[in-house]
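Commentary on secondary and tertiary structure
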Amino acid sequence: LHGIEFIDSYVFNRVEHIRFNSTVGRYVGYTELGLKNAEAWNKGPQLGQEQGELERFCKRNADLH
(Lines give C-alpha, C1' and ligand atoms only; values in the text may rest on other atoms or scores of the structure.)
Protein backbone atom coordinates (compact mmCIF):
# COMPACT_ATOMS: atom_id res chain seq x y z
CA LEU A 1 0.00 0.00 0.00
CA HIS A 2 2.86 2.33 -0.65
CA GLY A 3 1.59 5.78 -1.59
CA ILE A 4 -2.00 5.25 -0.43
CA GLU A 5 -3.42 7.62 2.15
CA PHE A 6 -6.78 7.46 3.93
CA ILE A 7 -8.11 10.85 5.05
CA ASP A 8 -11.34 11.43 6.96
CA SER A 9 -12.07 15.15 7.44
CA TYR A 10 -14.72 16.78 9.60
CA VAL A 11 -15.83 20.08 8.08
CA PHE A 12 -18.49 22.54 9.20
CA ASN A 13 -19.29 25.78 7.34
CA ARG A 14 -16.36 25.14 5.00
CA VAL A 15 -13.89 25.05 7.90
CA GLU A 16 -11.97 21.85 8.52
CA HIS A 17 -11.96 21.24 12.26
CA ILE A 18 -10.37 17.80 12.53
CA ARG A 19 -8.84 15.19 10.26
CA PHE A 20 -7.74 11.58 10.53
CA ASN A 21 -4.76 10.89 8.31
CA SER A 22 -3.54 7.32 7.91
CA THR A 23 0.00 8.49 7.21
CA VAL A 24 0.12 10.32 10.56
CA GLY A 25 -1.92 7.54 12.22
CA ARG A 26 -3.98 9.81 14.44
CA TYR A 27 -6.45 12.69 14.49
CA VAL A 28 -5.15 16.24 14.00
CA GLY A 29 -7.15 19.31 15.04
CA TYR A 30 -7.10 22.60 13.14
CA THR A 31 -9.38 24.76 15.29
CA GLU A 32 -9.77 25.18 19.05
CA LEU A 33 -12.64 22.70 19.12
CA GLY A 34 -10.82 20.40 16.70
CA LEU A 35 -7.75 20.31 18.93
CA LYS A 36 -9.84 19.30 21.94
CA ASN A 37 -11.68 16.62 19.97
CA ALA A 38 -8.47 15.28 18.42
CA GLU A 39 -6.92 14.86 21.85
CA ALA A 40 -9.97 12.99 23.14
CA TRP A 41 -10.48 10.90 19.99
CA ASN A 42 -6.83 9.81 19.91
CA LYS A 43 -7.29 8.35 23.42
CA GLY A 44 -10.69 6.76 22.77
CA PRO A 45 -12.21 4.06 20.59
CA GLN A 46 -12.57 6.41 17.61
CA LEU A 47 -8.90 5.95 16.69
CA GLY A 48 -9.30 2.19 16.49
CA GLN A 49 -12.43 2.59 14.37
CA GLU A 50 -10.59 4.78 11.84
CA GLN A 51 -7.71 2.33 11.67
CA GLY A 52 -10.28 -0.41 11.11
CA GLU A 53 -11.70 1.54 8.19
CA LEU A 54 -8.23 1.68 6.69
CA GLU A 55 -8.03 -2.12 6.87
CA ARG A 56 -11.64 -2.70 5.81
CA PHE A 57 -11.94 -0.27 2.93
CA CYS A 58 -8.57 0.90 1.67
CA LYS A 59 -6.58 -2.30 1.71
CA ARG A 60 -9.43 -4.33 0.19
CA ASN A 61 -9.99 -1.84 -2.65
CA ALA A 62 -6.42 -0.77 -3.37
CA ASP A 63 -6.10 -3.10 -6.37
CA LEU A 64 -9.23 -1.60 -7.96
CA HIS A 65 -7.64 1.83 -8.21
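About the thresholds
Residues numbered from 1 in each chain as written. Predicted model: local features only at pLDDT ≥ 70, side-chain atom pairs only at ≥ 80, totals over all residues. Heavy atoms only, no water. Pairing = 2+ DSSP bridges. Helix = DSSP H or I, 4+ residues; strand = E, 2+ residues; numbered from the N terminus. Axes fitted to C-alpha atoms, helices over the stretch in contact; angles between N-to-C directions. Contact = heavy atoms within 4.5 Å. Salt bridge = Lys/Arg side-chain N within 4 Å of Asp/Glu carboxyl O. Buried < 20%, exposed > 50% of the residue type's maximum accessible area, 1.4 Å probe, protein only.

- In the nomenclature of an unreviewed UniProt entry, the chain corresponds to MHC class II antigen beta from the organism Oncorhynchus kisutch.

**Considerations on the sheet that holds strand 1 (residues 7-12)**
- Ordered in space as 1-2-3, the three strands form an open sheet in which the pairing is antiparallel. Strands at the two margins of the open sheet, each flanked by one partner only, are strand 1 and strand 3 (26-29). Shown here is a sheet whose adjacent strand axes are inclined to one another by a mean of 20 degrees, direction ignored.
- Where strand 1 and strand 2 (residues 15-21) come together, six bridges link them in antiparallel fashion. Paired with Tyr10 across the bridge in strand 2 is Ile18.
- On top of the sheet, helix 1 (residues 32-43) reaches strand 1, strand 2 and strand 3; it is set at about 165 degrees to strand 3, its chief contact.
- Here helix 2 (residues 45-61) sits on the sheet in contact with strand 1, strand 2 and strand 3, set at roughly 115 degrees to strand 3.

**Section: the pattern of salt bridges**
- Applying the stated rule across the entire model yields three salt bridges.
- With a shortest N-O distance of 2.8 Å, Arg19 and Glu16 are connected by a salt bridge.
- Given a relative accessible area of 23%, Arg19 falls into the partly exposed group.
- Here Arg56 makes a salt bridge to Glu53, at a shortest N to O gap of 2.7 Å. Here the residue Arg56 and the residue Glu53 both occupy positions in helix 2, the gap between them amounting to three residues, near one helical turn.
- The partly exposed category is assigned to Glu53, whose relative accessible area is 30%.

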